[in-house]
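Examining the three-dimensional arrangement
Here's the letter readout for the chains.
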Amino acid sequence: FNPTDIEGDNASWAIGPFFKNPRLFDSYIQLFSELIFEQGLSTQRTSYLQRVRGKSTLSYNFYNLSFPERWGQGLTFELELEAKMERQRPLTRYSERRAFSESTPSFNFAPTIVYDQRDNPIHPTRGFYLTAGVDFLGSQQLFEGVISYKETLSAQWVGNWFRRQLLFVPTIKLGAVQSSLTDSQLTLSSADFLFSAGGDGVIYPVRGYPIAVINTCTKANRTLGQCDTLGEALTPDPSDLINFAGRAIINMSVEARFPSFILSKLWLATFGDLGAVSDGLTRFDTHSFYPSIGGGIRYLLPGQVPLRFDIAYPLRETAFSAQSLGYHFNFFYVL
């Protein structure tokens, strides 16, 4: 740990003002705006960023009109507008830190519909959650008539038995990118626009694997558009391996939670995760899927906020990781 290394992969900070108005123009519309300069890992932890971004999010909760005491549940419409200037570099590998790319401007326009009927978004014991959104990417190519967007769908159901002493929680996430731009053009415009999976505490988690190791290619194959999973039969030079972000993703999880009967706030869990990343919806096959299984504990602070510790075992190895136990420590649950 070096506190003076402000550009190391683990260095992360942000600064800037924000504004929040829960009753915009004396209505039920919420407005949240921020202007931020930040430096740190990208959301999916696949690159290191420096960027200035301004973002505004408008949201309207239809359910609040009839049940104001249950704010946050029911049907919500969100509209996110973001403009940013961003430069990025690949993560440090084998003690080699790459140079930053040139700064690129872009903006995003993302409408989302959310329907939430869970009794608690932090430690739910019953209900379901559904969200569907479209994220339009505005880059320099937009002025040439090229439209790029991605579609995402997430769903979660929470079932309970034995007076909420046994919880069963399946979750699924799907996504697809539609664009005629190359992957490098999309990534330079927005580091998190394409999909990556693996690890925990990220958008598409697969516990047991390191962050974003699903899938792996060689640079040569990636250039040719052929991205095959690397097994023991292929042992390329490690410096030639890259993690790639794909244009389609399938991410699923099934988790069972139950009290420990040792402490009133201590719960136990068993789970199975599955992730697959591909160049397109038609490119998925059996070799695209990476499963893992595991268990963990949930300690509720103070009775509601879960502190999570998971141990997971990947059922396949990747070019970056062997089959060995993975340990994850985090707050909250994954959606």
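Here, the structure is the one placed above.
This write-up is about the structure you can find in this document. (Residues numbered from 1 in each chain as written. Predicted model: local features only at pLDDT ≥ 70, side-chain atom pairs only at ≥ 80, totals over all residues. Heavy atoms only, no water.)

So, on to the overall build of the chain. Scanning the chain from N- to C-terminus turns up two helices and 16 strands. Within the chain, contacts between residues separated by at least 24 positions form 59% of all contacts whose residues are at least 6 apart in sequence. Surface exposure of the chain reaches about 17400 Å², of which carbon and sulfur atoms provide 62%. (Helix = DSSP H or I, 4+ residues; strand = E, 2+ residues; numbered from the N terminus. Contact = heavy atoms within 4.5 Å. Areas by Shrake-Rupley, 256 points an atom, 1.4 Å probe, with all protein chains shown as cover.)

Taken as a whole and judged by the stated rule, the model has twelve aromatic pairs. Ring centres of Tyr115 and Phe128 lie 5.6 Å apart, and the angle between their planes is 45°; this geometry places the pair in the tilted category. You can see Tyr115 sitting in strand 6 (residues 104-116) and its partner Phe128 sitting in strand 7 (residues 127-138), a full 13 residues away along the chain. According to the relative accessible area criterion, Phe128 is partly exposed, its value standing at 34%. Grouped by ring-pair contacts, the aromatic residues Phe109, Phe136 and Tyr149 constitute a single cluster. (Phe/Tyr/Trp six-rings, centres within 6.5 Å; stacked < 30°, edge-to-face > 60°. Buried < 20%, exposed > 50% of the residue type's maximum accessible area, 1.4 Å probe, protein only.)

To continue, consider the pattern of salt bridges. Applying the stated rule across the entire model yields 21 salt bridges. Notably, a salt bridge pairs Arg53 with Glu82, separated by 3.5 Å at the nearest N-O pair. With Arg53 in strand 4 (residues 47-61) and Glu82 in strand 5 (residues 74-90), the pair connects residues that are 29 residues apart, well separated along the chain. With respect to class, Arg53 is no different from Glu82; both count as buried. A cluster of three or more residues bridged by salt bridges with shared partners is formed by Glu34, Glu38, Arg51, Arg53, Lys55, Glu82, Lys84 and Glu86. (Salt bridge = Lys/Arg side-chain N within 4 Å of Asp/Glu carboxyl O.)

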